[in-house]
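So the chains spell out like this:
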Amino acid sequence: MAARYVPPGARSKEIQGCNSVNQAEDRQRSLAELVAKDEKTDIFTVKLRSDNSYDNIPFKMVSDTENSDHPKTQQFKFPFGYKQLRELMLWFREIGWKDQDAVLQFPASLAKEQRKLVHETAQSFGLGTSSSGFKETRYISIYSVEQATLGVGKVYLTKEEREKANTIWRLVKHEEDERYKKFSHNEIDEMVLANKLDPLIQELWEKKKSLSVEEEFKEKCKVTWFLK
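Now for a description of the structure that goes with this document.

Definitions and limits used
Residues numbered from 1 in each chain as written. Predicted model: local features only at pLDDT ≥ 70, side-chain atom pairs only at ≥ 80, totals over all residues. Heavy atoms only, no water. Helix = DSSP H or I, 4+ residues; strand = E, 2+ residues; numbered from the N terminus. Buried < 20%, exposed > 50% of the residue type's maximum accessible area, 1.4 Å probe, protein only. Contact = heavy atoms within 4.5 Å. Areas by Shrake-Rupley, 256 points an atom, 1.4 Å probe, with all protein chains shown as cover. Expected span 1.5 Å × (residues − 1). Polar contact = N/O pair within 3.5 Å; in protein donor to acceptor, adjacent residues only side chain to side chain. 1 Å grid on protein atoms, 1.4 Å probe; cavity = no way out; pocket = protein on both sides within 12 Å on 5 of 7 lines; lining within 4 Å. Points joined across faces, edges and corners; volume = space filled by probe spheres on them. Nonpolar A, V, L, I, M, F, W, Y, C, P; charged D, E, K, R; others polar. Axes fitted to C-alpha atoms, helices over the stretch in contact; angles between N-to-C directions. Parallel < 35°, antiparallel > 145°, perpendicular 65-115°, else oblique. Left-handed = near helix turned anticlockwise from the far one by under 90°.

### A closer look at the overall build of the protein
Each helix and strand counted, the protein has 7 helices and 6 strands in total. Each helix and strand of the protein, placed in order from N terminus to C terminus, yields the pattern α-β-β-β-α-β-α-β-β-α-α-α-α. Counting the 228 residues in the protein, one finds 33% classified as buried. The contacts of the protein with a sequence gap of at least 6 include a subset with a gap of at least 24, amounting to 60%. Counting every atom, the protein has about 15200 Å² of accessible surface; 53% of that belongs to carbon and sulfur.

### Details of helix α3 (residues 112-124)
With 13 residues, α3 should cover 18 Å at 1.5 Å per step; its first-to-last C-alpha distance of 19 Å lies within 8% of that length. Along α3, the residues classified as buried are Gln114, Arg115, Leu117, Val118, His119, Thr121 and Ala122. At the C-terminal side of α3, Gly126 shows a positive phi close to 80°.

### A short note on the environment of Arg179
With respect to the element layout, Arg179 can be found in the loop between α5 (159-174) and α6 (185-194). Given the relative accessible area of 48%, Arg179 is considered partly exposed. The spacing of Arg179 and Leu200 is 21 residues in sequence and 8.5 Å in space, taken between C-alpha atoms. For Arg179, the side chain forms a polar contact with the side chain of Asp177, separated by 2.8 Å.

### Concerning the side chain of Thr129
Examined against the element boundaries, Thr129 turns out to sit in strand β5 (residues 128-132). Polar contacts involving the side chain of Thr129 include one to the side chain of His119, which spans 2.9 Å. Of the polar contacts made by the side chain of Thr129, one reaches the side chain of Gln123; its length is 2.9 Å. Setting aside its immediate chain neighbours within four residues, Thr129 contacts His119, Ala122, Gln123, Ser141, Ile142, Tyr143 and Gly153.

### Comments concerning unusual backbone geometry
Positive phi, normally seen in glycine, also occurs at Asn195, with a value near 55°. Here Asn195 lies in the loop between α6 and α7 (199-227). Taking the relative accessible area as the measure of exposure, Asn195 reaches 63% and is therefore exposed.

### With respect to the side chain of Gln147
Relative to the helices and strands, Gln147 is located in helix α4 (residues 145-150). In contact with Gln147, other than residues within four places in its own chain, are Gln100, Asp101 and Val152.

### Describing the layout of surface pockets
In this model, the second largest pocket occupies a volume close to 370 Å³. Along its surface, the second largest pocket is lined by 13 residues, and Lys112, Lys116, His119, Ser184 and His185 are the ones closest to its centre. Contributions of two or more residues to the lining of the second largest pocket are made by α3 and α6. The element contributing the most residues to the lining of the second largest pocket is α3, with 6 residues. Within the lining of the second largest pocket, the residues separate by chemical class into 2 nonpolar, 6 polar and 5 charged.

### Structural notes on the packing of helix α2 (residues 82-96) against α3
Where α2 contacts α3, the axes come no closer than 10 Å and their chain directions differ by 45°. As summarised for this structure, α2 and α3 are arranged oblique, according to the angle between their axes. Here α2 runs over α3; the crossing is right-handed. Of the residues in α3, those in contact with Tyr82, Leu85, Arg86 and Met89 of α2 are Leu117, Val118, Thr121, Ala122 and Ser124. Looking at the contact of α2 with α3 residue by residue, the class counts come to 6 nonpolar, 2 polar and 1 charged.

### Topic: the packing of α5 against α6
It is at 9 Å that the axes of α5 and α6 come closest, and there the two elements cross at 135°. It follows that α5 is oblique to α6 by the angle criterion. The crossing of α5 and α6 is right-handed. Facing Glu161, Arg162, Lys164, Ala165, Asn166, Ile168, Trp169 and Val172 of α5, the residues of α6 in contact are His185, Ile188, Asp189, Val192 and Leu193. Looking at the contact of α5 with α6 residue by residue, the classes come out as 7 nonpolar, 2 polar and 4 charged.

Keep in mind that these numbers describe shape and distance, not what the molecule does.
Written as structure tokens, this is what we have:
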């Protein structure tokens, strides 16, 4: 059977349509995988930091330091899963309309894929997110819609720092070594901001700078030879 002819002007639209269908199918597969994983649930202790105490948190309470902390800290057991995340984010968004300074903190024991899911789910509800710390100490904080609008938790870099962070991220993405896959773009941003690169990242960056200097030297030699 002969392939159907598609006019040049319509090809891009058809490709876009196919891409949209593929993306929708990928999302459906991801959702199905998440729902299936919900049957084998990891349980984490999540913190709610606020000046207020809540007795309607939709998960089992562990502790409530009502008098000792400002803001107060309530801890509860969270069975990690897609449905549970949506339930928690919906609840947190509702209290956040009045309690705008409330913060949810997920523990550093979350896997990288779980952290990504927390970020995506929270942001789908209009909530703010940020990650803090490096490697095994990295944890996620969730902020109210109001705080998200104000940009709380975002990392702000100078132009030079942004260029450095983006360059490092490109280098990391092209590395086949599995050790580099544990680093996220946001984590590299924070390293650059703190001027404290992980030794593995520092080694990669130094190698990049050395190659850049070598290339610059070769170009200067070419120019000098040409002028002669």
